[in-house]
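Notes for the structure review
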Amino acid sequence: MATFDYSGPLTPSGNLRRRRVVDRVMRGGATAAAFIAVAILLIFIYSIVQRGASAISLSFLTHNPLETFSLSANVPLGGVGNAIIGSALIVAVGAVMAVPIGVLIALFLTEFATPRLAGPVRLALDLLYGLPSIVIALFLYGLLVVGHGQAGFYASLALSMIMVPLIARTTGESLQLVPKELRDASHALGISRWRTTVGLTIPSAFGGIVTGTVLAVARAAGETAPVLLLSSLADPTTTSASVFGQPLNNLPLDIYNFSVAGGASNFAKAWGAALVLVTFVLVANFAARALHARSRRMMSR
Amino acid sequence: MDESPADADAASQVASPLAINVHEATEEDPATLEVVFDLRDVDVYYGQSLAVAGVSIEIYKNHITAMIGPSGCGKSTIVRSLNRMNDSISGFRLTGQCNYHGNDLYASGVDPVEVRRRIGMVFQRPNPFPKSIYDNIAWAPRILGMRENLDERVEKALRGAALWDEVKDRLKTSALGLSGGQQQRLCIARSIAIEPDVLLLDEPCSALDPISTALIEDLMQELKRDYTLVIVTHNMQQAARVAERTAFFSLDVSEGRRTGVLVEYDDTARLFTRPADKRTEDYVTGRFG
């Protein structure tokens, strides 16, 4: 075998030229994929803003649809006033139910469960998270709506089932970020486990808990299948302030109804409603990020 | 004790090359001292493996007792067993007598939370809570129902840990903004704020610079008037400087098993100058470890 010529010029030799081409192609591919994802999001936001912005006005945001949606006429059908209220109520009630359960599950998993028990519970959470929302909706439809009629509260229940695993997961992650040394220090002061959890671990992980909740709320606000099955037969022209007893009009439903009602003006309103929803989701996500960064800083300073 | 010429030789070797400033001999009669911890034939297991074997030791009130030895020799394990901090480690099991003021720490019915309320602990890495300096101290007293004169209690604890003058103007700021040495003194202040009986210090200076270390060593001399102190240290000189009595642990390797054993426990001056065991002598003269 010929010995390597160490005194040759320091330009690529052997297969280095080929290896460098492969390197460049892979790096380019990865970069392109990342940029495509960003580009798709930007195009998506741009098109929604472009089409929806014209529909947005104070009256659009505060007025209800003027009459029951119909396929026939191209009449201006008012705005999304009651849908915003309905969505807010349904999601808020769902979150009120989901947050304590999700946080308790996370506490159980990180603070109290033995590894043998934590595994199956974690698996169950992952499976629950993976359940299609239409299946959750169908389950509650069969259980509650049949024989009783729809109610906004049933949609809240479905959304809370969607939120619980998400909240449990993000809360669990932020609880695990709380250093073991802090718990040790607290135990060494003669403070019981539960008091340590309530007084030290949860406050330390509070930012993470809020972040998880905000993300879960953002996700739930756009869920369509549950509200379609459980809270869709509302009178779209009236506003109701209670989730109990009757279905509530809501944003995903308005988007659906405006877009199938036909006519250019209704279609613009569908885009307008979509813009309202997407704005809420984006703002919630940015808020969650800011909170998350803040809580990390608090922990590490 | 019989003093052979070889022993005298070893003693002179100890004094010169290491230049250890050994804590002056107390020459107290152990029989007259109040015993806080009385361990008899204590074995500690992690799962099936015997981690520390056959430890018998008496720890006296208002003394500083040092535990020295190479890594893995079980000195930390024994100290953490004294306030049941090992309970949370799965597979931990302790056999033998482990008495604290005559009560077996591992008897059924003993609540580890109650044990730790009396036997505090300071850890290797300073671990202040992500709260204000004031709340770091006041949190535990509040929970334990010592709400009266909380401000005074906080001040007393901070003075007791020689930290008051440095932090009195910023009690409401985050404890995480303090330096490492200040944080460790804050942890000591936090421990003494609930007026424990014993303070266990698990390598309290190993993450600190020499100046902070010296401060904490001075502080320990103050603290032993009110508390019984047990310190684990990697640093032989530190043990020699601060402790009345020193326990030397070593690692017994036989048949592939590594078990920590207590080799020698004696007055610090005697242990460093006239060790009874060859292994102790090798360790304190720097021949290994």
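Residues numbered from 1 in each chain as written. Chains lettered and ligands numbered in written order. Predicted model: local features only at pLDDT ≥ 70, side-chain atom pairs only at ≥ 80, totals over all residues. Heavy atoms only, no water.

Broken down by element type, chain B carries 11 helices and 10 strands. Long-range contacts, defined as pairs at least 24 residues apart, comprise 69% of the intrachain contacts of chain B with a sequence gap of at least 6. Here chain B has roughly 12,600 Å² of accessible surface; of this, 46% comes from carbon and sulfur atoms. (Helix = DSSP H or I, 4+ residues; strand = E, 2+ residues; numbered from the N terminus. Contact = heavy atoms within 4.5 Å. Areas by Shrake-Rupley, 256 points an atom, 1.4 Å probe, with all protein chains shown as cover.)

A separate point is unusual backbone geometry. Residue and element names in this part refer to chain B. Even without glycine at this site, Asn149 takes up a positive phi of about 50°. With respect to the secondary-structure elements, Asn149 resides in the loop between helix H4 (133-143) and helix H5 (150-160). The phi dihedral of Glu203 falls on the positive side, at around 50°, and the residue is not glycine. Tracing the chain through its elements places Glu203 in the loop between strand S7 (198-202) and helix H8 (210-223).

What follows deals with the side chain of Asp43(B). Residue and element names in this part refer to chain B. If you trace the backbone, Asp43 turns up in strand S1 (residues 35-46). For the buried Asp43, no salt bridge exists, and the shortest N-O distance to an oppositely charged side chain is 8.3 Å, to Arg93. At 2.6 Å, the side chain of Asp43 and the backbone nitrogen of Gly54 are in polar contact. Once residues within four sequence positions are removed from consideration, Asp43 is found in contact with Leu50, Val52, Ala53, Gly54, Arg93, Leu94 and Thr95. (Buried < 20%, exposed > 50% of the residue type's maximum accessible area, 1.4 Å probe, protein only. Lys, Arg positive; Asp, Glu negative; His and termini not counted. Salt bridge = Lys/Arg side-chain N within 4 Å of Asp/Glu carboxyl O. Polar contact = N/O pair within 3.5 Å; in protein donor to acceptor, adjacent residues only side chain to side chain.)

Turning our eyes to something else, we now look at the packing of aromatic side chains. Under the criterion given, the structure shown has 7 aromatic pairs over all chains. Ring geometry for Phe153(A) versus Phe244(A): centroids 4.9 Å apart, planes at 35°, classification tilted. Note that Phe153(A) is positioned in helix H6 (residues 152-177) and Phe244(A) in the loop between helix H10 (225-230) and helix H11 (251-261), a separation of 91 residues in sequence. Consider the rings of Phe37(B) and Tyr100(B), whose centres lie 5.3 Å apart with planes at 40°: the pair is tilted. With a gap of 63 residues between them, Phe37(B) in strand S1 and Tyr100(B) in strand S4 (residues 92-100) connect regions that are remote in the sequence. For Phe37(B), a relative accessible area of 0% gives the class buried. Classification of Tyr100(B) by relative accessible area gives buried; the value is 8%. Counting every residue linked through ring pairs, the aromatic cluster contains Tyr46(B), Phe92(B) and Tyr106(B). Directly above the aromatic system of Phe129(B) lies the positively charged group of Arg190(B), at a separation of 4.3 Å from the ring centroid. (Phe/Tyr/Trp six-rings, centres within 6.5 Å; stacked < 30°, edge-to-face > 60°. Lys NZ or Arg CZ within 6 Å of the ring centre and 35° of its normal.)

The interface is formed by 24 residues belonging to chain B together with 19 residues belonging to chain A. Joining chain B to chain A, the criterion identifies 0 salt bridges. For the pair chain B and chain A, the number of links is 2 residue pairs in polar contact (both at pLDDT 80 or more). Of all the secondary structure elements, the ones that give two or more residues to the side of chain B that touches chain A are helix H3 (112-118), strand S6 (119-122), H4 and helix H7 (180-192) of chain B. Along the lines of polarity and charge, the residues of the side of chain B that touches chain A split into 14 nonpolar, 5 polar and 5 charged. (Nonpolar A, V, L, I, M, F, W, Y, C, P; charged D, E, K, R; others polar.)

Should their charged atoms come close, side chains of opposite charge can pair. Overall, the coordinates contain 22 salt bridges over all chains when judged by the stated rule. Salt-bridge contacts for Glu111(A) lead to Arg183(A); the nearest nitrogen and oxygen are separated by 2.7 Å. Note that Glu111(A) is positioned in helix H3 (residues 81-112) and Arg183(A) in helix H7 (residues 180-187), a separation of 72 residues in sequence. Arg183(A) shares its class with Glu111(A); the two are buried. Of the charged contacts in the structure, one is a salt bridge between Lys278(B) and Asp282(B), with a shortest N-O distance of 2.9 Å. Within this pair, Lys278(B) and its partner Asp282(B) are both found in helix H11 (residues 278-284), separated by 4 residues, close to a single helical turn. For Asp282(B), a relative accessible area of 18% corresponds to the buried category.

For the rest of this paragraph, the subject is the nonpolar core. In summary, soluble globular proteins display a tendency toward joint burial of nonpolar side chains. Ranked by size, the top nonpolar core spans 90 residues in total, and within it Met163(A), Phe37(B), Leu39(B), Val55(B), Met67(B) and Ile78(B) carry the most contacts. Residue contributions to this core peak at 11 residues, all from H6(A). Excluding its chain neighbours within four sequence positions, the residues that come into contact with Phe37(B) are Ile57(B), Glu58(B), Ile59(B), Leu82(B), Asn99(B), Tyr100(B), Leu105(B), Ile119(B) and Val198(B). If you look at the next biggest cluster of nonpolar residues, it comprises 48 residues, including Leu150(B), Val154(B), Ile192(B) and Val261(B). (Core = buried A, V, L, I, M, F, W, Y, C linked by side-chain atoms within 4.5 Å.)

Residue and element names in this part refer to chain B. With mixed pairing, the 10 strands of this open sheet are ordered in space as S5-S4-S1-S2-S10-S9-S3-S8-S7-S6. At either end of the open sheet lies a strand with only one pairing partner, and these are strand S5 (103-104) and S6. Sheet topology note: the strand S3 (residues 64-68)/strand S9 (residues 245-254) ladder contains 4 bridges and is parallel. Each bridged residue has a counterpart across the sheet, and for Met67 the counterpart in S9 is Ala247. Strands in contact with H7 are S6 and S7; relative to S6, the strand with the most contacts, it is inclined by about 170°. H8 rests against S3, S7 and strand S8 (228-232) of the sheet, and its axis sits at about 150° to S8. (Pairing = 2+ DSSP bridges. Axes fitted to C-alpha atoms, helices over the stretch in contact; angles between N-to-C directions.)

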